[in-house]
Amino acid sequence: MVLELGGLDRLCEIVENSQSLTNKNNGTWAISNLCKGRRKFQLVKRAFETIAKVIQDDVDAQVLSDAMWAMSYLSDGDEENIDAVLNTGVVPHLIKHLG
């Protein structure tokens, strides 16, 4: 229901614009949880760029952990989901953090 009502858009805005580590941490965690399970691509596509940016830019271990979980949930789908992950340019950053 949250996804259908546009809640993900607001969470993405908070994560993208917040200077507060607490807000970024809570927002990333919430996005990750909303992306669990095989969601319709149209409902979660807004999260790809936000989560990719967090993985590329953030250094907080908890925020990164939640963002990487979110990206794994987002990639769990058909070719459209996988292409969306690849198109963000996040793969080299994922590899760096996993190493």
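Bear in mind that the values here come from a model prediction, so they are computed numbers and not experimental data.

Caption draft 1: Molecular detail of the pattern of salt bridges. One pass over the full model with this rule turns up five salt bridges. The partner of Arg10 in a salt bridge is Glu13, and the shortest N-O contact between them spans 3.3 Å. Here Glu13 and Arg10 lie together in helix α1 (residues 7-17), a separation of three residues that amounts to about one turn. Note that Lys53 is salt-bridged to Asp57, the shortest N-O span being 2.5 Å. Taken together, the residues span about one helical turn, with Lys53 and Asp57 both in helix α3 (residues 41-57) at a distance of four residues. Overall, Asp57 belongs to the partly exposed group, its relative accessible area being 49%. If you follow the salt bridges from partner to partner, you end up with Asp9, Glu16 and Arg46 in one network.

Caption draft 2: Expanded view of a negative patch on the surface. Together, Asp78, Glu79, Glu80 and Asp83 give the surface a local cluster of negative charge. Inspection of the secondary structure assignment puts Asp78 in the loop between α4 (61-75) and α5 (79-87). Judged by relative accessible area, which is 47%, Asp78 ranks as partly exposed.

Caption draft 3: The arrangement of the packing of α4 against α5 in detail. Following both chains from N to C, one finds α4 and α5 inclined at 140°, their axes separated by 8 Å at the closest point. Taken together, the axes of α4 and α5 lie oblique to each other. Of the residues in α5, those in contact with Met71, Leu74 and Ser75 of α4 are Asn81, Ile82 and Val85. The residue inventory of the contact of α4 with α5, partitioned by class, reads four nonpolar, two polar and no charged.

Cut-off values and rules
- Residues numbered from 1 in each chain as written.
- Predicted model: local features only at pLDDT ≥ 70, side-chain atom pairs only at ≥ 80, totals over all residues.
- Heavy atoms only, no water.
- Salt bridge = Lys/Arg side-chain N within 4 Å of Asp/Glu carboxyl O.
- Helix = DSSP H or I, 4+ residues; strand = E, 2+ residues; numbered from the N terminus.
- Buried < 20%, exposed > 50% of the residue type's maximum accessible area, 1.4 Å probe, protein only.
- Patch = residues over 30% accessible without salt bridge, like charges linked within 9 Å, V, L, I, M, F, W, Y side chains within 5 Å.
- Areas by Shrake-Rupley, 256 points an atom, 1.4 Å probe, with all protein chains shown as cover.
- Lys, Arg positive; Asp, Glu negative; His and termini not counted.
- Charge placed at Lys NZ, Arg CZ, Asp CG, Glu CD.
- Axes fitted to C-alpha atoms, helices over the stretch in contact; angles between N-to-C directions.
- Parallel < 35°, antiparallel > 145°, perpendicular 65-115°, else oblique.
- Contact = heavy atoms within 4.5 Å.
- Nonpolar A, V, L, I, M, F, W, Y, C, P; charged D, E, K, R; others polar.

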